[in-house]
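# Analysis of the macromolecular model
One-letter residues, chain by chain:
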Amino acid sequence: VPEPSTARRDALRALLRAAELDALLVTDLVNIGYLTGFTGSNAALLVHVDGDAAGRFCTDGRYRAQAAEEVPDLERLIERGSALALAGLAGQCSVRRLGFESDAVTVEAHLALVEAAGAVPLHRAPGLVHRLRLVKDDAEVAALRRACAVADAALADLLAAGGLAPGRTERDVALDLETRMRRHGATGPAFETIVAAGANSAVPHHRPTGAVLRRGDLVKLDFGALVEGYHSDMTRTVVLGPAAGWQRTLHDLVALAQATGRAALAPGAEVTAVDAAARAVIVDAGRGEEFPHGLGHGVGLQIHEAPLLGPTGTGELAAGMTVTVEPGVYLPGRGGVRIEDTLLVREGGPESLTRTTRELVEV
Ligand code: ZN
Ligand code: ZN
C-alpha cells in the first residue's frame, strides 16, 4: 500500500498535466506537509510531472535528520533558501513551464523566485493543492475522527468533573478544556477556545475573559483539538441550572436549523443551498438578522478551509469533504446559542464526527 503522500503527489501530477505545467514549486508549508509528511517550519518542494525521481524536497540544516525520517521517499537537498534553491534547480530538471503557488507567495518572494529561476518562466498556479485537499483520503478522515473524539472526551470530562459551575471564570473554563484535550492526546487546541457566558454568549467570537459564570447563564463553548495536524471544531451551548423559557426556545430554533443544515449535506449539493436551507429556518422564525455569519466551513489541516458554506460560497459538495454546520442566533445583551459539528459528507447522509449530544444540557 503506497503512503498517502505518494498518492497525493500522483493526484497533483494529473492536475499539473491538465494545467500544462512541467512542475509545481510548492512553498506553502501546509501543502508541503500534505504532500510529504514533513512537519518542520521551513521547506520547499518541486513536484515534477515525470515522477518523484525528477522532483526534489528542500529544507535547511536544522531539519536534516527530521527530513530524512519524515520524507525518506524523496531526494532531499539541504539549503537555507529552500524555495530559491529549487527554483534555480528547475532549469536543470528539464522544466520548461514551472508553476508556483501564486496564492501563497508575497510580491517580494515572487521577484526573488523569478530571479532565481533565470531562463525558466514562472506561471501562476493558485489553488492546485487546495483542490486536492477538499476531499479527504482515508488517513485524513481517520485523523479528523481522532481530533473530534478528543474534543468530545474533553467536554465529557469537564462536565463530569463539575468544571462548568457558577463562580468559575470564562478563562478558567477555557484553560481547563484545553488541558483536558491535551490529556486526551491533542497537541494543542485547534484554535483559541471560546467560552462565553451570559450576555457574552451573544458575541459570536467572544474571547474568554475574567467574567464569572453565574447560575442561569447560557454558556457557549466553541473549541476543538489539534491531532496529527488535523483540527476538530465543535460548539455546544449549555445552561447553568434549569433553562428559562426563552433560552429553550432559542436553543430549539438553532437545533432545528442545524439539523436542517446537516440534512442538506449531500454530494452534489450547492454550498449556497445548504446555507440557505438552514438559514430559512431562522429567517422564518423572524431571527434572520440575528444570524450574522455563514453556516459553516471546510476543516482539515487548517481550521478554516474550503469549501465555505455561506451565501457567498461557490461550488458543490462532494463525498469525502469534511465541513462544519454551525448556525447561531445572538440576542445582544441577553445571550446567544450556537450548535456546531464537524461532519463528513457522504452518500446516504453525513456522518457527524463530533458526537456530543445536541440536546440542551442543563448543568
Ligand atoms: Zn467552532
Ligand atoms: Zn467553525
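Scroll up to find the structure this text is about.
In this report, the structure presented in the accompanying data block is examined. Being a predicted model, the structure only gives us computed values, none of them experimental.

### Observations concerning the overall build of the chain
- Scanning the chain for helices and strands turns up 10 helices and 19 strands.
- Relative to the compact-globule value of 21 Å for 363 residues, the chain shows a C-alpha radius of gyration of 23 Å, a close match.
- Summarising its shape, the C-alpha atoms of the chain cover approximately 70 × 40 × 40 Å along the three principal directions.
- A sequence separation of at least 24 residues applies to 66% of the contacts in the chain between residues at least 6 apart.

### What about the sheet that holds strand S3 (residues 56–59)?
- Across the sheet, which stays open at both edges, the 6 strands sit in the order S4-S3-S2-S1-S5-S6 with mixed pairing between neighbours. The strands lining the two open edges of the sheet, one partner per strand, are strand S4 (76–78) and strand S6 (122–124). Strand-to-strand twist in this sheet, taken as the mean axis angle between neighbours without regard to direction, amounts to 25°.
- Along the sheet, helix H2 (residues 29–36) contacts strand S1 (23–26), strand S2 (43–48) and S3; its crossing angle with S2, the most-contacted strand, is approximately 55°.
- Against the sheet, helix H4 (residues 82–90) engages S1, S2, S3, S4 and strand S5 (98–100), with an angle of about 25° to S2.

### A look at the pattern of salt bridges
- All told, the structure shown has 26 salt bridges when counted by the stated rule.
- A salt bridge links Asp176 to Arg168; the nearest nitrogen and oxygen atoms lie 2.8 Å apart.
- Taking the relative accessible area as the measure of exposure, Asp176 reaches 14% and is therefore buried.
- When salt bridges that share partners are traced, they join Arg9, Asp10, Arg13, Asp52 and Asp73 into one network.

### Regarding the side chain of Asp341
- Along the chain, Asp341 falls in strand S18 (residues 341–344).
- A polar contact of 2.8 Å, which involves the side chain of Asp341, links it to the side chain of Thr354.
- Discounting chain neighbours no more than four positions away, the residues touching Asp341 are Asp233, Arg236, Gln258, Arg262, Val323, Thr324, Val325, Ser352, Thr354 and Arg358.

### Some thoughts on the coordination of the zinc ion (ligand 2)
- The coordination sphere of the zinc ion (ligand 2), as far as protein atoms go, consists of Asp233 (OD), His297 (NE2), Glu326 (OE) and Glu340 (OE), spread over 2.1 to 2.2 Å.
- Between consecutive donor residues of the zinc ion (ligand 2), the sequence gaps follow D-x63-H-x28-E-x13-E.
- Taken as a pair, the zinc ion (ligand 2) and the zinc ion (ligand 1) lie 3.2 Å from each other and share Asp233 as a ligand. Of this pair, Asp233 sits in the loop between strand S11 (230–231) and strand S12 (234–239) while Glu340 sits in the loop between strand S17 (335–338) and S18, placing them 107 residues apart in sequence.
- Classification of Asp233 by relative accessible area gives buried; the value is 3%.

### Observations regarding the environment of Ala23
- Looking at where Ala23 falls in the secondary structure, it is placed in strand S1.
- The class of Ala23 is buried, set by a relative accessible area of 0%.
- In this structure, the C-alpha to C-alpha distance between Ala23 and Ile282, residues 259 residues apart in sequence, is 48 Å.
- Excluding residues that lie within four positions of it along the chain, Ala23 makes contacts with Leu16, Leu46, Val47, His48, Val95, Arg97, Leu98 and Gly99.

### Examining the environment of Pro332
- Relative to the helices and strands, Pro332 is located in the loop between strand S16 (328–331) and S17.
- Sequence separation of Pro332 and Glu290 is 42 residues, and the distance between their C-alpha atoms is 8.8 Å.

### Here's the deal with the coordination of the zinc ion (ligand 1)
- Donor atoms from the polypeptide that coordinate the zinc ion (ligand 1) comprise Asp222 (OD), Asp222 (OD), Asp233 (OD) and Glu340 (OE), at 2.0 to 2.6 Å from the metal.
- Each of the 4 donor atoms bound to the zinc ion (ligand 1) contributes to angles spanning 54 to 152°, and the resulting shape is irregular.

### Comments concerning the packing of helix H1 (residues 4–18) against H2
- The geometry of H1 relative to H2 is characterised by a closest axis approach of 6 Å and an angle of 115° between their N-to-C directions. Classed by the angle they form, the pair H1 and H2 counts as roughly perpendicular. Each of Ser5, Arg8, Arg9 and Leu12 in H1 lies in contact with H2, whose residues at this interface are Tyr34, Leu35 and Thr36.
- Tallied by class, the residues present in the contact of H1 with H2 amount to 3 nonpolar, 2 polar and 2 charged.

### Here we look at helix H8 (residues 170–183)
- Relative to the 20 Å expected for 14 residues at 1.5 Å per residue, H8 spans 20 Å between its end C-alpha atoms, a close match to the ideal helical length.
- For H8, the complete set of buried residues consists of Glu170, Val173, Ala174, Asp176, Leu177, Arg180 and Met181. Along the axis of H8, the buried positions cluster into a sector of 165°, meaning they face one direction only. Every exposed residue of H8 that faces more than 90 degrees away from the buried side is listed here: Arg171, Leu175 and Arg183.
- Lining the buried residues of H8 we find helix H7 (138–160), strand S7 (188–189), strand S8 (194–197), strand S9 (218–223) and strand S10 (225–227).
- Residue Gly185 follows H8 closely and has a positive phi angle near 110°.

What counts, and at which threshold
- Residues numbered from 1 in each chain as written.
- Chains lettered and ligands numbered in written order.
- Predicted model: local features only at pLDDT ≥ 70, side-chain atom pairs only at ≥ 80, totals over all residues.
- Heavy atoms only, no water.
- Helix = DSSP H or I, 4+ residues; strand = E, 2+ residues; numbered from the N terminus.
- Rg over C-alpha atoms; globule rule 2.2 N^0.38 Å.
- Contact = heavy atoms within 4.5 Å.
- Pairing = 2+ DSSP bridges.
- Axes fitted to C-alpha atoms, helices over the stretch in contact; angles between N-to-C directions.
- Salt bridge = Lys/Arg side-chain N within 4 Å of Asp/Glu carboxyl O.
- Buried < 20%, exposed > 50% of the residue type's maximum accessible area, 1.4 Å probe, protein only.
- Polar contact = N/O pair within 3.5 Å; in protein donor to acceptor, adjacent residues only side chain to side chain.
- Donors = N, O, S within 2.8 Å, 3.2 Å for Na, K, Ca; no water.
- Tetrahedral: all angles 85-135°; square planar, octahedral: opposite > 155°, others 65-115°.
- Parallel < 35°, antiparallel > 145°, perpendicular 65-115°, else oblique.
- Nonpolar A, V, L, I, M, F, W, Y, C, P; charged D, E, K, R; others polar.
- Expected span 1.5 Å × (residues − 1).
- Arc of directions from axis to C-beta.

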